[in-house]
Amino acid sequence: MENPRRGAFIVVEGLDRSGKTTQVATLKSRLEAEGISATILKFPDRTTAIGQMIDSYLRSHSDLDDRAIHLLFSANRWELATSIERMLAAGTTVVCDRYAFSGVAFSSAKGLSLDWCRAPDESLPAPDVTIFLDITPEQAQSRGGYGEERYEKQEVQRKVRAIFGEISCEFNEETWVTIDAGKEREEVASQVWKIVGPLTSGLSRPLKRLWHPQ
Ligand code: Z5A
Ligand code: MG
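Residues numbered from 1 in each chain as written. Chains lettered and ligands numbered in written order. Predicted model: local features only at pLDDT ≥ 70, side-chain atom pairs only at ≥ 80, totals over all residues. Heavy atoms only, no water.

Under an unreviewed UniProt entry, the chain has the name Thymidylate kinase and belongs to Favolaschia claudopus. Per UniProt, the chain carries the Pathway (unreviewed entry) text "Pyrimidine metabolism; dTTP biosynthesis." According to its UniProt record, the chain has this under Sequence similarities (unreviewed entry): "Belongs to the thymidylate kinase family." (UniProt positions renumbered as here; feature names shortened; annotations may be inferred.)

The structure is reproduced here in structure tokens:
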């Protein structure tokens, strides 16, 4: 018989170097230690055929029209949408390192309209909570500097941060939580757990869809 309580869908977002991957790894260990059934995902998922095209673009090994790469990022999420739904229905907590909000923020920072950017992700599973790790581009850069990939520049990151701010206004304080990611790793982790811990016993409300009203 299917678990009557579904798993929670948790998304971690933030600028480059905000500590998403660090925090998601810490969260994974905590969930394992607590014996909670959980799956960690990351977008872009560079392992699929679409993900390899994205990887090549991010490393500047190939060039693509801004709209074409946006649609590939979205398709990369749709590739996993059914399995996300299945895992949640089976009671597994799903934690995702970046999701559609990065898609909208990075593409619209290049000048595409917010509405156009949202459209391909419409009806994807909506997170129960998005944890936004907030950091200034200056603080982020001081963490060892940016790498070689596209978008790893202060000017881009500044625009992206502002767009994340606009996106956050559409959510309430339960579905979008901003954490000061400039703090010590342990302090950020304890704030993340305060949000995630209560959700790990599962949820009885139905899963929502992007960008349907929250
Ligand atoms: N992108 C897009 O355009 N459209 C989309 O739809 C999606 C993504 C999904 C690749 O993303 C690019 O794709 C990304 C957005 C775009 N471009 N940018 N920018 P990615 O996820 O593969 O890469 P990333 O996550 O942005 O970069 P990152 O370096 O992996 O950042 P992070 O995961 O947030 O940070 P981290 O690796 O956990 O930590 C960075 C360093 O800081 C590391 O040395 C840590 O040890 C250190 N760190 C972490 N936390 C702390 C604290 N609290 N204090 C001090 N130091 C810390
Ligand atoms: Mg990362």
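(A) How the structure looks around the pairing of strand 3 (residues 93-97). Most of strand 3 sits out of view: 5 of its 5 residues are buried. A two-sided burial pattern is seen for strand 3, the buried positions comprising Thr 93, Val 95 and Asp 97 on one face and Val 94 and Cys 96 on the other. Pairing of strand 1 (residues 9-14) with strand 3 involves 4 bridges; the strand directions are parallel. Within strand 3, the residue paired with Ile 10 across the bridge is Val 95. By the bridge criterion, 5 bridges tie strand 2 (residues 38-42) to strand 3 in an arrangement that is parallel. Considered in strand 3, the bridge of Leu 41 is made with Cys 96. (Buried < 20%, exposed > 50% of the residue type's maximum accessible area, 1.4 Å probe, protein only. Helix = DSSP H or I, 4+ residues; strand = E, 2+ residues; numbered from the N terminus. Pairing = 2+ DSSP bridges.)

(B) Spotlight on the pattern of salt bridges. Inspection of the entire model under this criterion finds 16 salt bridges. A salt bridge links Asp 134 to Arg 161; the nearest nitrogen and oxygen atoms lie 3.0 Å apart. Linking Asp 134 in strand 4 (residues 129-134) with Arg 161 in helix 7 (residues 154-168), this pair joins segments that are 27 residues apart in sequence. Given a relative accessible area of 29%, Arg 161 falls into the partly exposed group. If you follow the salt bridges from partner to partner, you end up with Arg 46, Asp 55, Arg 59 and Glu 149 in one network. (Salt bridge = Lys/Arg side-chain N within 4 Å of Asp/Glu carboxyl O.)

(C) Quick peek at the layout of surface pockets. Roughly 730 Å³ of internal volume is contained in the largest pocket. Taken together, 35 residues form the lining of the largest pocket, with Asp 16, Arg 17, Ser 18, Lys 20 and Arg 98 sitting closest to its centre. If you list the elements that add at least two residues to the lining of the largest pocket, you get helix 1 (20-33), helix 3 (66-89), helix 4 (100-108) and helix 8 (185-196). Here the second largest pocket is characterised by a volume of approximately 240 Å³. As for the second largest pocket, its lining consists of 15 residues, of which Asp 128, Val 129, Glu 174, Thr 175 and Arg 205 are closest to the centre. Of the residues contributing to the lining of the second largest pocket, the split by class is 7 nonpolar, 3 polar and 5 charged. (1 Å grid on protein atoms, 1.4 Å probe; cavity = no way out; pocket = protein on both sides within 12 Å on 5 of 7 lines; lining within 4 Å. Points joined across faces, edges and corners; volume = space filled by probe spheres on them. Nonpolar A, V, L, I, M, F, W, Y, C, P; charged D, E, K, R; others polar.)

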